[in-house]
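Report on the structure
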Amino acid sequence: MSSTAPIGVFDSGLGGISVVRQIAQDMPHEHVLYFGDSANAPYGTKTPAQVRELSFRIVERFASQGVKAVVIACNTATSAAVNDLRDTYDIPIIGMEPALKVACDRGQGKRQRVIVAATPLTLREHKFAALMERFDQDHTIFKEPCPGLVDVVESGRLADHDLVMHTLHGYFDQYDLSSIDSVVLGCTHFVFYRDYFRELLPDTAAIIDGNEGTVRHLSVVLESLGKLAPETQDGSVTLANSDPSERIAALSQQLLER
Ligand code: DGL
């Protein structure tokens, strides 16, 4: 695959568009093919086997489109499928996981109290258990599954302030938020809620997502393979979705330009 080939980026639906925005910002010469699987969203309440099957279908499509790398812009699909995908395809596959390390490192040795907001599947899977094990001796980590936040994005109600705040309060009022050092947005859909989380949380709590780190990793991998797009190339983003409706196309474009 040449350096001018596109990068395939996918998610269960619209959340991965937050990662596409980061790629467009940090790697402006790259062509990105995005595939959102909104017809099958959410992934976070499915079984790992179902999510694996859906992920393979999408990567097969990317392989036939000649992508030079795949970004799984979905923590859930990464948990369920990244290892099997890497065993099957001879394309670099970049996964995502909740940025728990970033949250814990912020303490510089001081015990941190961290809430990880993600999908039920991500928080249940072995991959997250292994990540937790690295940090939960030295830090206090709360796992908070928030499937309702995925639905709000997919149904195009992200601008409904009252609905969003009501949904957030439903998940987070159980915590003494003034004692929390950070909230990790461990689902790419949740990155679109950053301003709402800011409104919910005291200023002392940081809001952390993995998008920037993921794109940095993508860039390092492509550079090591000599496959970064030439600087003479103007990058582009092409959006596709398993839900062919006008509504999803318009919503996708709106989130990209947000
Ligand atoms: N955006 C996805 C993630 O990062 C999953 C959302 C869902 O379909 O449940 O985990």
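Residues numbered from 1 in each chain as written. Predicted model: local features only at pLDDT ≥ 70, side-chain atom pairs only at ≥ 80, totals over all residues. Heavy atoms only, no water.

Under the annotation held in an unreviewed UniProt entry, the protein chain carries the name Glutamate racemase and is attributed to Bifidobacterium oedipodis. Under Pathway (unreviewed entry), UniProt gives the following word-for-word description of the protein chain: "Cell wall biogenesis; peptidoglycan biosynthesis." Taken from UniProt, the Sequence similarities (unreviewed entry) comment for the protein chain reads in full: "Belongs to the aspartate/glutamate racemases family." (UniProt positions renumbered as here; feature names shortened; annotations may be inferred.)

Comments concerning the sheet that holds strand E5 (residues 113–118)
Neighbouring strands of a sheet are bound in pairs by backbone hydrogen bonds; such pairs are parallel or else antiparallel. Strand order in the open sheet formed by four strands is E6-E5-E7-E8, with parallel pairing between adjacent strands. Each having just a single partner strand, strand E6 (140–145) and strand E8 (206–209) make up the two edges of the open sheet. Strand-to-strand twist in this sheet, taken as the mean axis angle between neighbours without regard to direction, amounts to 20 degrees. Of the pairings in the sheet, the one linking E5 to strand E7 (residues 182–185) comprises four bridges and is parallel in character. Each residue of the ladder has a partner; that of Ile115, found in E7, is Val183. (Pairing = 2+ DSSP bridges. Helix = DSSP H or I, 4+ residues; strand = E, 2+ residues; numbered from the N terminus. Axes fitted to C-alpha atoms, helices over the stretch in contact; angles between N-to-C directions.)

Description of the pairing of strand E3 (residues 69–72)
Both faces of E3 are covered, namely the face carrying Ala69 and Val71 and the face carrying Val70 and Ile72. Of the strand pairs in this sheet, strand E1 (residues 7–11) and E3 are connected by four bridges, and their pairing is parallel. In the strand pairing of E3, Ile7 is matched with Ala69. Of the strand pairs in this sheet, E3 and strand E4 (residues 93–94) are connected by two bridges, and their pairing is parallel. Directly across from Val70, in E4, lies its bridge partner Ile93. For the segment spanning E3, helix H3 (residues 75–88) and E4, crossover handedness is right-handed. (Buried < 20%, exposed > 50% of the residue type's maximum accessible area, 1.4 Å probe, protein only. Right-handed = clockwise from strand over helix to strand, strands pointing away.)

Some thoughts on the nonpolar core
Judged by nonpolar contacts, the single largest core of 50 residues is most densely connected at Val9, Leu168, Phe172, Phe190, Tyr193, Phe197 and Leu218. For this core, the element with the highest residue contribution is helix H8 (residues 161–172), accounting for five residues. Setting aside anything within four residues of it in sequence, one finds Phe197 in contact with Leu149, Leu168, Phe172, Val183, Leu185, Phe190 and Ile207. Listed in part, the 22 residues of the second largest apolar core include Ile72, Ala77, Leu85 and Leu121. (Core = buried A, V, L, I, M, F, W, Y, C linked by side-chain atoms within 4.5 Å. Contact = heavy atoms within 4.5 Å.)

Overview of the UniProt feature "active site" (unreviewed entry) in the protein chain
Mapped onto this structure's residue numbering, the UniProt feature "active site" (unreviewed entry) falls at Cys74 and Cys187. A stretch of 114 residues holds the annotated residues, and the largest C-alpha distance among them is 6.5 Å, short enough that they meet in one place. Within the secondary structure, Cys74 is located in the loop between E3 and H3. In this view, Cys74 contacts Phe10, Asp11, Ser12, Tyr43, Met96 and Thr188; residues no more than four positions away in its chain are not counted. You can see Cys187 is positioned in the loop between E7 and helix H9 (194–200). Setting aside anything within four residues of it in sequence, one finds Cys187 in contact with Asn75, Ala117, Ala118, Thr119 and Val150.

Some points on the site of the ligand
The ligand sits among 13 residues. The nearest are Ser12, Tyr43, Gly44, Thr76 and His189. At 2.6 Å, a backbone N or O of Tyr43 approaches an oxygen atom of the ligand. Contact distances for the ligand include 2.8 Å between a nitrogen atom and a side-chain N or O atom of His189. Isolated, the ligand exposes 300 Å² of accessible area, and the fraction of that covered by the protein chains is 99%. Across the shell around the ligand, the residue classes tally to five nonpolar, seven polar and one charged. (Near = heavy atom within 4 Å. Polar contact = N/O pair within 3.5 Å; in protein donor to acceptor, adjacent residues only side chain to side chain. Areas by Shrake-Rupley, 256 points an atom, 1.4 Å probe, with all protein chains shown as cover. Nonpolar A, V, L, I, M, F, W, Y, C, P; charged D, E, K, R; others polar.)

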